[in-house]
Amino acid sequence: MRRLMIIETIIFTLSIVIVVIIAPCTEAAGKGLGNGLNVGFYSRSCPNVEKIVADIVSEANRQDPKLPGALIRLFSHDCFVKGCDASILLETTRSKEPVEKKAQGNDFIRGFELIDEIKARLEQECPQTVSCADILAFAAREAVFLAGLPRHKVPAGRRDSRTSRASDVGLPAPTTPFNDIIDFFTRKGITLDELVVLSGAHSIGVAHCSFFDYRLYNFNTSQPQDPALNSTYAADLSTKCPKQNTLPADEAKKRAVDFDPTTPLVLDNNFYLNLLQGKTLLQSDQIMVSDPRTSALVKTLASDSEAWSRRFAKAMIKMGRTNVLTRDEGEIRKNCRTFN
Ligand code: HEM
Ligand SMILES: *[C@@H]1O[C@H](CO)[C@@H](O)[C@H](O)[C@H]1NC(C)=O
Ligand SMILES: *[C@@H]1O[C@H](CO)[C@@H](O)[C@H](O)[C@H]1NC(C)=O
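Residues numbered from 1 in each chain as written. Chains lettered and ligands numbered in written order. Predicted model: local features only at pLDDT ≥ 70, side-chain atom pairs only at ≥ 80, totals over all residues. Heavy atoms only, no water.

As a further point, take the side chain of D268. Note on placement: D268 falls in the loop between β2 (256-258) and α11 (270-276). Of the side chains bearing the opposite charge, K66 lies closest to the buried D268, which forms no salt bridge; the N-O distance is 13 Å. Here the side chain of D268 touches T263 through a polar contact of 2.8 Å, side chain to side chain. Ignoring any residue separated from it by four or fewer positions in sequence, one finds D268 in contact with G200, S203, D260, T263 and W308. (Helix = DSSP H or I, 4+ residues; strand = E, 2+ residues; numbered from the N terminus. Buried < 20%, exposed > 50% of the residue type's maximum accessible area, 1.4 Å probe, protein only. Lys, Arg positive; Asp, Glu negative; His and termini not counted. Salt bridge = Lys/Arg side-chain N within 4 Å of Asp/Glu carboxyl O. Polar contact = N/O pair within 3.5 Å; in protein donor to acceptor, adjacent residues only side chain to side chain. Contact = heavy atoms within 4.5 Å.)

Our next topic: the coordination of the iron atom of ligand 1. Just one protein atom donates to the iron atom of ligand 1; it is H202 (NE2), sitting 2.1 Å from the metal. Here H202 lies in the loop between α7 (192-198) and β1 (206-208). (Donors = N, O, S within 2.8 Å, 3.2 Å for Na, K, Ca; no water.)

Further remarks concern the packing of aromatic side chains. A full pass over the atoms with the stated rule returns nine aromatic pairs. A ring pair is formed by F80 and F185, whose centres lie 4.9 Å apart and whose planes are at 90°; its orientation type is edge-to-face. Here F80, found in the loop between α3 (67-79) and α4 (112-125), pairs with F185, found in helix α6 (residues 178-187); they are 105 residues apart in sequence, far enough to count as distant. Considered together, F80 and F185 belong to a single accessibility category, that of buried residues. Taken together, the ring pairs connect F271, Y272, W308 and F312 into an aromatic cluster. (Phe/Tyr/Trp six-rings, centres within 6.5 Å; stacked < 30°, edge-to-face > 60°.)

Now for the site of ligand 3. In the vicinity of ligand 3, the contacting residues are N230, Q277 and K279. Contact between ligand 3 and N230: an oxygen atom at 2.4 Å from a side-chain N or O atom of the residue. K279 is positioned with one of its side-chain polar atoms (N or O) 2.7 Å from an oxygen atom of ligand 3. Burial of ligand 3 by the surrounding chains reaches 41%, relative to a free accessible area of 360 Å². (Near = heavy atom within 4 Å. Areas by Shrake-Rupley, 256 points an atom, 1.4 Å probe, with all protein chains shown as cover.)

By the element assignment, L192 lies in helix α7. With near-sequence residues (within four places) excluded, L192 lies in contact with F178, I182, R293 and T294.

Another aspect to go through is the confidence of the model for the protein chain. Chain-level statistics for the protein chain give a pLDDT mean of 92 and a share of 90% at 70 or above. Within the model, the stretch residues 10-32 combines pLDDT values under 50 with 17 contacts to residues more than four positions away or in other chains. (pLDDT = per-residue confidence, 0-100.)

This paragraph deals with the pattern of salt bridges. Overall, the coordinates contain 22 salt bridges when judged by the stated rule. Across the pair R141 and E50 runs a salt bridge, and its minimum N-O distance is 2.7 Å. Highlighted residues: R141 in helix α5 (residues 132-146) and E50 in helix α2 (residues 49-63), separated in sequence by 91 residues. Here D55 and K51 are joined by a salt bridge, their closest N and O atoms 2.8 Å apart. Pair noted here: D55 and K51 are both in helix α2, with a separation of four residues, about one helical turn.

Right, let's talk about the site of ligand 1 for a bit. Among the 22 residues in the neighbourhood of ligand 1, the closest are listed as H202, G205, V206, H208 and F211. Note that a nitrogen atom of ligand 1 is positioned 2.8 Å from one of the side-chain N or O atoms of H202. Here V206 contributes a backbone N or O atom positioned 2.9 Å from an oxygen atom of ligand 1. Elements with a contribution of two residues or more to the shell around ligand 1: α3, α6 and β1. Grouping the constituent residues of the shell around ligand 1 by class yields 16 nonpolar, five polar and one charged. (Nonpolar A, V, L, I, M, F, W, Y, C, P; charged D, E, K, R; others polar.)

Contact pair α2 / α4: the axes reach a minimum separation of 10 Å and the direction vectors enclose 145°. Note that α2 runs across α4; the crossing there is right-handed. Residue-level inspection shows V49, I52, V53, I56, V57 and A60 of α2 in contact with α4, the latter providing L114, E117, I118, R121, L122 and E125. (Axes fitted to C-alpha atoms, helices over the stretch in contact; angles between N-to-C directions. Left-handed = near helix turned anticlockwise from the far one by under 90°.)

The next thing to look at is α6. Residues that lie three or four places apart on an α-helix share one face, since the helix turns once every 3.6 residues. Here α6 has its buried residues at F178, I181, I182, F184 and F185. Down the axis, α6 shows its buried residues gathered within 160° of arc, on one side only. Directly beyond the C-terminal end of α6, a positive phi value near 90° is found at G189. (Arc of directions from axis to C-beta.)

For α3, spanning 13 residues, the distance from its first C-alpha to its last is 19 Å, which sits close to the expected 18 Å at 1.5 Å a residue. Along α3, twelve of the 13 residues are buried, which leaves the element largely enclosed by surrounding structure. (Expected span 1.5 Å × (residues − 1).)

Now the structure itself:
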């Protein structure tokens, strides 16, 4: 009996020792959240990389002022499916399954040509050195900057995945129940507060009518219009997104509305002020005002733009660390659309 207890104690102690020794190793391999990314990763191998990305994104932004929203969404959809591994850019894989970008959750996603342009330029400058996953992260940072926030530092060293599967795309939709949304982000290591902070990205860019027009016309059996919508705002939305079948189908599908009716090109805390007035397109955003777990933070962020922008930059950096591949994992693609 006594001997059994001693053996048990030894096994317990050993298992703790093993956990203590092994945990930091898996973290160094990029499996953990404090993974092996670091700022200045390319300072020797491709010292101009961040400047090159900045110049190309800034030039493209002059032609297309709505580009920043697209690039931030592209990066977030890369990070929240598997991890920030450029899997969203692949057009084919060895298994020939449908790829992520074909999934419904990635409808209207764009920015691929710009990533190609950056990659082509970087392959001239420093061949097979900069991953597509890091290009997405650098480009998203420039987007944040061009939309009016300070340039945040971007830890780099991500590598590119060889696989991409539409069936992995479990991204939440605007109609996903809030508890499921919270679970989804928790599993990715993003806290509820960070989700509220990151959702401020919906102060730039657009949403297509199909994501929210049910809130105007057929919300539920007792209320045709979502009572959480500001009625003045709803009236305006109805002119931009008319009832189904009043426009030709292909025209209706293209219709999109700015997230922020006041400063649509500026990344700011207006998103939270709009939320408080019922001026939001997505039900998944509007819920943050009424849910007791998030309502206080929404009010805080609405009244403190400094606090929001500081926390937003931190949360973007954290999002960029989601399940990355590092060191000898994955590869550095030569072309972002195909595995090597
Ligand atoms: C519950 C979570 C979220 C849901 C349900 C959601 C849903 C959506 C939807 C439906 C659109 C409209 C796409 C279109 O019609 O083209 C959109 C756009 C966008 N989302 Fe989210 N989103 C979520 C979280 C996030 C997060 C965490 C970020 C960033 C950090 C983000 C950044 C953006 C941006 C920048 C756009 C504008 C895209 C453009 O203008 O092309 N979203 N989102
Ligand atoms: C319709 O939506 C309102 C507002 O969210 C809610 O109070 C009501 O219970 C819903 N009715 C039905 C039948 O689901
Ligand atoms: C709805 O929008 C109007 C016009 O922008 C604003 O004055 C009003 O306060 C808003 N209503 C609510 C309930 O916030």
